[in-house]
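Chain by chain, the residues run as shown.
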Amino acid sequence: MNNRPLTAKINDKGHLEIGGCDTTELAKQFGTPLYVLDELTVRHNCRQYVSTLKSKYPDSLVIYASKALCNTAILKMIADEGLGADVSSGGELFTAKKAGIGPEKIYFHGNNKSRKEIEEGIAYGVKFVVDNFRELKNLDEISSSMDKQVEILFRVNPGIEAHTHEFIQTGKIDSKFGLQKSEVASAVKIAKDSKRLDFIGLHAHIGSQILDIDPYLIEVDILFSLAEGAKELNLGGGWGISYLGEEVPPVPELLEKVIGKVKAKKNFAPRLVFEPGRSIVGQAGITLYTVSYVKDIPGIRKYAMVDGGMSDNPRPILYDARYDAVVANRNEAPKITYRVAGRFCESGDVLIKEIKLPEIKEDDLLAVFATGAYNYSMSSNYNRVPRPAMVMVGNGKAVSIIKRETYENLVEEDLCP
Ligand code: LLP
């Protein structure tokens with residue numbers, strides 16, 4: 001199934017195995033809930049982007065949108081695969097630096113970068129994707145006072161809004177992000193008049209979990225019409241993944257069509273930048289939970305209660321996101337419909353509204369698929385529950401890349417004046 005890590009299989013004990021590791025052993029060794037990330041899937045996804053571009057459009061760069069999943073080990077791995085990083089905060093920048101990603105491959109995003117974050121970005125020498133005129137003014141002032149040159153792109157609101165199943169194109173999209181198209185020329189003029197700012201190009205990001213190539217082709221048209229002579233066009237991220245097993249056109253198909261469109265433009269040939277997040281890490285991650293209890297409300301439904309929920313995966317409660325799961329410790333055909341509920345003090349804390357599973361017994365292990373993107377990165381300590389650990393698996397080995405939080409971690413910043 002294309003919503004599972006590439007290495008997922010059922011082993012001869014009937015257990016789910018990822019990266020050559022038996023998930024029941026992982027649960028024993030590291031506890032649950034547990035985020036498991038499959039190294040091979042992440043690397044494969046990086047290579048799909050890098051190798052397609054290398055053969056079809058070498059003047060290009062892939063930068064991983066670190067907001068999807070940010071920690072030192074994962075950023076080291078994507079750097080090892082030749083990707084740069086999109087950072088959207090001082091914290092993500094700090095992690096990218098720690099992972100050894102060079103400044104020439106880091107793009108600093110965000111619609112409200114603080115002066116401190118701007119100083120940190122300039123000091124390291126990263127490129128800035130400027131969101132608005134106030135940031136432009138701050139960058140000009142701060143770069144002058146630090147006596148440093150800064151390469152900048154402008155984020156443009158292209159007037160396209162793309163979602164999973166549809167996209168719309170309007171003259172004016174109501175969004176906090178980016179410059180309106182009509183503002184681009186004056187922003188470029190300010191940058192060109194500045195001694196410290198070097199304008200290199202434009203950026204747009206049209207949405208997330210997009211499964212349709214057409215909005216990207218329109219984005220190319222719009223950016224080309226606004227960026228005459230720009231050295232670089234950054235087309236953002238947003239390519240979707242399969243959550244429930246639905247078909248998703250492969251990344252090379254997206255890239256080839258976009259490149260075809262770019263090559264058909266004869267006025268200029270910019271460097272192309274892509275910044276995928278979800279399509280690099282989403283499919284690589286699963287979350288393991290222990291089911292403690294099944295509550296049967298006769299005639300209504302059966303609740304399978306797991307030991308995590310909305311704090312390790314807030315996407316169902318935030319976006320109504322849907323997930324697929326299996327019982328990982330027994331290979332039996334699904335036959336009973338359950339609602340998978342979390343352990344948090346909120347009725348809406350439901351991970352999966354309805355799913356058919358084998359009959360669940362106490363202490364069964366549940367594996368939820370496609371949790372690699374925007375799960376850990378949006379996790380919280382709601383109810384003062386420590387965040388789960390994350391392990392990376394590959395070739396039969398599991399290494400911890402994020403430690404499980406402890407109660408001590410939870411009270412670390414508390415002050416009792
Ligand atoms: N570039 C920019 C400027 C972005 O804002 C984003 C995501 C990306 C790239 C990467 O997009 P991706 O390839 O991952 O779709 N929390 C939501 C997703 C928010 C996406 C925000 N921006 C979720 O869980 O679905």
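Residues numbered from 1 in each chain as written. Predicted model: local features only at pLDDT ≥ 70, side-chain atom pairs only at ≥ 80, totals over all residues. Heavy atoms only, no water.

## Considerations on the packing of aromatic side chains
Turning to step 1, where the next piece is worked out: With the rule as written, the count across this model stands at seven aromatic pairs.
Turning to step 2, where the next piece is worked out: Geometrically, the ring pair formed by Y243 and Y323 is edge-to-face, given 5.4 Å between the ring centres and 85° between the ring planes. Note that Y243 is positioned in the loop between β13 (232-234) and α9 (251-264) and Y323 in the loop between α11 (315-319) and β17 (325-327), a separation of 80 residues in sequence.
Turning to step 3, where the next piece is worked out: Y243 sits in the buried class, given a relative accessible area of 6%.
Turning to step 4, where the next piece is worked out: For Y323, a relative accessible area of 4% gives the class buried.
Turning to step 5, where the next piece is worked out: A cation sits over an aromatic face here: K97 above Y124, 5.3 Å from the ring centre. (Phe/Tyr/Trp six-rings, centres within 6.5 Å; stacked < 30°, edge-to-face > 60°. Helix = DSSP H or I, 4+ residues; strand = E, 2+ residues; numbered from the N terminus. Buried < 20%, exposed > 50% of the residue type's maximum accessible area, 1.4 Å probe, protein only. Lys NZ or Arg CZ within 6 Å of the ring centre and 35° of its normal.)

## Looking at the side chain of E232
Turning to step 1, where the next piece is worked out: Residue placement: E232 occurs in strand β13.
Turning to step 2, where the next piece is worked out: A distance of 3.0 Å separates polar atoms of two side chains, one belonging to E232 and the other to R271.
Turning to step 3, where the next piece is worked out: Excluding residues that lie within four positions of it along the chain, E232 makes contacts with Y107, L153, I200, G201, L202, P270, R271 and V273. (Polar contact = N/O pair within 3.5 Å; in protein donor to acceptor, adjacent residues only side chain to side chain. Contact = heavy atoms within 4.5 Å.)

## Focus on the site of the ligand
Turning to step 1, where the next piece is worked out: Near the ligand there are 18 residues, and of these S208, G238, E275, R315 and Y374 occur at the shortest range.
Turning to step 2, where the next piece is worked out: A distance of 3.4 Å separates a nitrogen atom of the ligand from a polar side-chain atom of D86.
Turning to step 3, where the next piece is worked out: A distance of 2.8 Å separates a nitrogen atom of the ligand from a polar atom in the side chain of Y319.
Turning to step 4, where the next piece is worked out: For the ligand, the protein covers 86% of the area, taking 590 Å² as the surface of the free molecule.
Turning to step 5, where the next piece is worked out: Counted by class, the shell around the ligand contains five nonpolar, seven polar and six charged residues. (Near = heavy atom within 4 Å. Areas by Shrake-Rupley, 256 points an atom, 1.4 Å probe, with all protein chains shown as cover. Nonpolar A, V, L, I, M, F, W, Y, C, P; charged D, E, K, R; others polar.)

## Remarks on the pairing of strand β14 (residues 271-274)
Turning to step 1, where the next piece is worked out: As paired strands, strand β5 (residues 60-65) and β14 are joined by three bridges and run parallel to one another. Bridge pairing in β14 links L61 to V273.
Turning to step 2, where the next piece is worked out: Crossover β13 to β14 through α9 is right-handed. (Pairing = 2+ DSSP bridges. Right-handed = clockwise from strand over helix to strand, strands pointing away.)

## Concerning the pairing of strand β21 (residues 389-394)
Turning to step 1, where the next piece is worked out: Extensive coverage of β21 is indicated by the burial of six of its six residues.
Turning to step 2, where the next piece is worked out: In the sheet, strand β4 (residues 34-38) pairs with β21 via five bridges, with the strands oriented parallel. Paired with D38 across the strands is V393, a residue of β21.
Turning to step 3, where the next piece is worked out: Where β21 and strand β22 (residues 397-402) come together, five bridges link them in antiparallel fashion. What sits directly across from V393, in β22, is A398.

## Concerning the UniProt feature "binding site: substrate" (unreviewed entry) in the chain
Turning to step 1, where the next piece is worked out: In this numbering, the UniProt entry assigns the feature "binding site: substrate" (unreviewed entry) to R278, R315, Y319, E346 and Y374. The named residues occupy 97 residues along the chain; their greatest pairwise C-alpha distance, 27.4 Å, places them well apart from one another.
Turning to step 2, where the next piece is worked out: Structurally, E346 can be placed in the loop between β18 (336-341) and β19 (350-357).
Turning to step 3, where the next piece is worked out: Here E346 falls in the partly exposed class, since its relative accessible area comes to 37%.
Turning to step 4, where the next piece is worked out: Once you skip the residues sitting within four places of it in the chain, E346 turns out to touch M310, I317 and Y382.
Turning to step 5, where the next piece is worked out: Position of Y374 relative to the elements: it lies in the loop between β20 (365-369) and β21.
Turning to step 6, where the next piece is worked out: Apart from residues lying up to four places away in sequence, Y374 is in contact with K67, A68, R278, P314 and R315. (UniProt positions renumbered as here; feature names shortened; annotations may be inferred.)

## Quick look at the sheet that holds strand β1 (residues 9-10)
Turning to step 1, where the next piece is worked out: What the three strands build is an open sheet, ordered β1-β2-β3; its pairing is antiparallel. Of all strands in the sheet, those bounded by a partner on one side alone are β1 and β3 (21-22).
Turning to step 2, where the next piece is worked out: As paired strands, β1 and strand β2 (residues 16-18) are joined by two bridges and run antiparallel to one another. Counterpart to I10 in the pairing with β2 is L16.

## Some points on the pattern of salt bridges
Turning to step 1, where the next piece is worked out: In this structure the tally under the stated criterion is 27 salt bridges.
Turning to step 2, where the next piece is worked out: A single network of salt bridges, built from pairs that share partners, joins E39, R43, R47, D80 and E81. (Salt bridge = Lys/Arg side-chain N within 4 Å of Asp/Glu carboxyl O.)

## Some thoughts on the sheet that holds β5
Turning to step 1, where the next piece is worked out: The strand order around the closed barrel built from eight strands is β5-β6-β7-β8-β9-β12-β13-β14, with neighbouring strands paired in parallel fashion. Taking the axes of each pair of neighbouring strands and ignoring which way they run, one obtains an average angle of 30° across the sheet.
Turning to step 2, where the next piece is worked out: By the bridge criterion, three bridges tie strand β12 (residues 197-203) to β13 in an arrangement that is parallel. Considered in β13, the bridge of G201 is made with E232. (Axes fitted to C-alpha atoms, helices over the stretch in contact; angles between N-to-C directions.)

## What to know about a nonpolar patch on the surface
Turning to step 1, where the next piece is worked out: Taken together, the side chains of I317, L318 and Y319 present a nonpolar region at the surface, about 300 Å² in accessible area.
Turning to step 2, where the next piece is worked out: Mapped onto the elements of the fold, Y319 is located in helix α11.
Turning to step 3, where the next piece is worked out: On the basis of relative accessibility, which here comes to 47%, the residue Y319 falls in the partly exposed class. (Patch = residues over 30% accessible without salt bridge, like charges linked within 9 Å, V, L, I, M, F, W, Y side chains within 5 Å.)

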